[in-house]
Amino acid sequence: MKKRPDQRTNRQARIGLNKSAFRIAALYFIVGSIYIYSSDSILHLVLPDDMAAHLYVSIVKGGLFVFITALLIYFSVSSLLHKLDTANRFNQDTLNALPEHIAVLDEHGTILLVNDAWRKFARENGTAEATVCEGANYLDVCQNAIAAGNHDAGVVATAIQDVSRGEKDSFSYEYACHSPHERRWFIAVITRFAEYVPARIVASHENITTRKLAEEKAIYLSDHDLLTGLLNRAGFMEGLLDELLRAHRFRGQFALITVDIDRLNVVNNAFGRVQGDQLIQEVAGRLKQIAREVDLLARHDGDQFLMLLRGIKVPSDAARVALRIVDEMAARPIQAGESELDITVSAGIAVYPEHGISADQLLANSEAAVKRIKQSGRNNYAYFSDDLSVSSLEKLTLEQQLRRAIGTDQLYPMYQPQFSLLTGQVIGFEVLARWRSPELGEVSPGTFIPIAEESGLIIKIGEWILQEACKQTADWSSRGVCTVPICVNVSALQFNQPGFSNTVEIALLSSKLAPEMLELELTC
């Protein structure tokens with residue numbers, strides 16, 4: 001079996017130590033042998049054959065031998081210890097130079113050695129070094145973290161035990177370790193010195209926050225638009241497909257609105273792309289305010305946005321949102337740099353399942369509706385018309401025009417006298433709302449009143465006609481022109497509004513009309 005690099009390194013280190021010990025023993029043997037042989041020969045030639053003299057000389061000779069060999073052993077061992085110390089310091093400096101948090105453990109989890117990064121991390125997290133550095137048991141540290149609810153610590157503790165028993169050669173695990181001030185991620189790597197007995201375990205924790213944040217950003221950019229922060233086409237299509245499945249399963253409805261900025265290319269050509277981008281960002285911001293939390297909003301392409309309205313009850317729900325979008329954009333100019341730009345949009349609506357049962361159909365049909373609006377003058381909205389009756393389209397067009405007529409002189413009151421059948425005298429006036437449209441001319445009340453009631457616009461129209469009637473009647477009374485009461489029709493929707501009585505009171509007080517001069521007739 002092929003040996004790992006750490007096994008080869010350990011074996012080489014042992015061989016080096018054995019060679020050093022052999023060199024010391026060999027040196028001791030050689031020097032001793034030479035000294036004994038040479039010294040005996042020399043002494044035999046120069047000294048007389050006297051036993052006492054030989055004994056004395058042998059003692060001196062032996063002492064010199066011990067002294068000389070002691071010096072040799074000292075220098076050899078000192079050199080070896082110096083090399084070992086240098087190697088140990090090099091190893092520690094190498095560990096300290098690594099950015100990973102590293103600890104060496106024994107087979108029981110006791111910490112034998114840590115590097116500077118490990119100590120620094122302990123200090124930064126407010127942990128006493130004595131509890132997580134040399135002498136502490138790392139398994140106990142993990143158990144304390146587990147007791148505090150840290151599941152990741154349990155995974156690491158189990159891995160240390162498995163690697164220590166030889167059940168695994170190594171183990172790696174990514175985990176989050178967020179602080180109150182920053183988000184952080186680490187990867188824990190547990191390895192074992194294969195040939196050490198007892199076992200030695202290395203626990204390494206590497207900070208991978210930069211990589212994880214880059215991965216998060218890459219994932220975010222894969223389905224989001226960088227300029228606006230909205231979903232891009234890919235992210236929107238994923239949500240649209242999910243909504244198609246849900247609507248099909250539960251037989252629900254939803255609407256897709258395509259919103260196109262009118263004449264964005266003119267802005268880009270006149271002011272530059274930077275201000276064009278600012279305009280796109282402002283439009284995106286206004287669309288965010290209109291969209292509900294359950295809706296999906298995306299920048300589809302260039303000057304086009306998509307809005308998915310979930311859970312609509314009737315198609316007209318989508319029309320009201322589209323109208324609000326059109327009105328919000330045109331209501332006030334957009335600040336782009338030092339310029340104020342008037343902006344309009346065109347919106348097209350496709351409703352599931354009437355206008356399509358697939359994502360491609362709905363997108364194509366809503367875009368077709370936008371094109372029709374642009375061809376007819378822009379700054380408006382429309383349904384996809386192939387599946388929409390002409391009468392329904394006319395109603396929607398009337399509703400839109402009526403909404404814009406409120407607050408202008410297109411709407412006006414008409415006072416119809418009421419006569420007594422007995423005397424023929426005028427006994428009162430009934431005030432009626434009338435609409436004279438610049439495009440349509442005089443619109444019949446039988447046409448626009450039902451639309452106003454269906455859309456809720458009757459509330460605003462009713463408040464306006466009440467104020468106008470009170471003001472006009474008070475003026476007539478003050479001039480003695482007419483002293484009969486005025487009758488104002490009130491719809492059931494307006495009558496049931498909270499604060500309706502306050503609306504009547506305000507109209508009377510502001511006009512200074514006597515209450516007995518006002519009659520209210522409830523219409524159903």
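The coordinates are above.
Not measured: the values here are computed from a predicted model.

Opposite charge on two side chains permits them to pair, given that their charged atoms come into close proximity. According to the stated counting rule, one finds 26 salt bridges in the structure shown. Among the ionic pairs, Arg123 bridges to Glu129, the shortest N-O distance being 3.0 Å. You can call Glu129 partly exposed: its relative accessible area is 28%. Each of Arg119, Arg123, Glu129 and Glu134 takes part in salt bridges that share partners, so that together they form one network.

All right, on to a nonpolar patch on the surface then. On the surface, Leu27, Leu64, Phe67, Ile68, Leu71, Leu72, Tyr74 and Phe75 cluster together into a nonpolar patch covering about 750 Å² of accessible area. Considering each element in turn, the nonpolar patch owes the most residues, seven residues, to helix α2 (residues 51-97). Assessed through its relative accessible area of 35%, Leu27 is described here as partly exposed.

Turning to the sheet that holds strand β3 (residues 170-176), a few remarks are in order. Taken in spatial order, the five strands make up an open sheet running β2-β1-β5-β4-β3, and their pairing is antiparallel. Of all the strands in the sheet, just β2 (111-114) and β3 have a single pairing partner and so form its edges. Averaged over all pairs of adjacent strands, the angle between strand axes in this sheet comes to 20 degrees, irrespective of strand direction. Strand direction decides the pairing type here: β3 and strand β4 (residues 185-193), joined by seven bridges, are antiparallel. Residue pairing for β4: Ser172 is matched across the bridge by Val189. Sheet strands touched by helix α5 (residues 151-164): β1 (101-106), β3, β4 and β5 (200-207). Its angle to β3, the strand with the most contacts, is close to 175 degrees.

The rules behind the values
- Residues numbered from 1 in each chain as written.
- Predicted model: local features only at pLDDT ≥ 70, side-chain atom pairs only at ≥ 80, totals over all residues.
- Heavy atoms only, no water.
- Salt bridge = Lys/Arg side-chain N within 4 Å of Asp/Glu carboxyl O.
- Buried < 20%, exposed > 50% of the residue type's maximum accessible area, 1.4 Å probe, protein only.
- Patch = residues over 30% accessible without salt bridge, like charges linked within 9 Å, V, L, I, M, F, W, Y side chains within 5 Å.
- Areas by Shrake-Rupley, 256 points an atom, 1.4 Å probe, with all protein chains shown as cover.
- Helix = DSSP H or I, 4+ residues; strand = E, 2+ residues; numbered from the N terminus.
- Pairing = 2+ DSSP bridges.
- Axes fitted to C-alpha atoms, helices over the stretch in contact; angles between N-to-C directions.
- Contact = heavy atoms within 4.5 Å.

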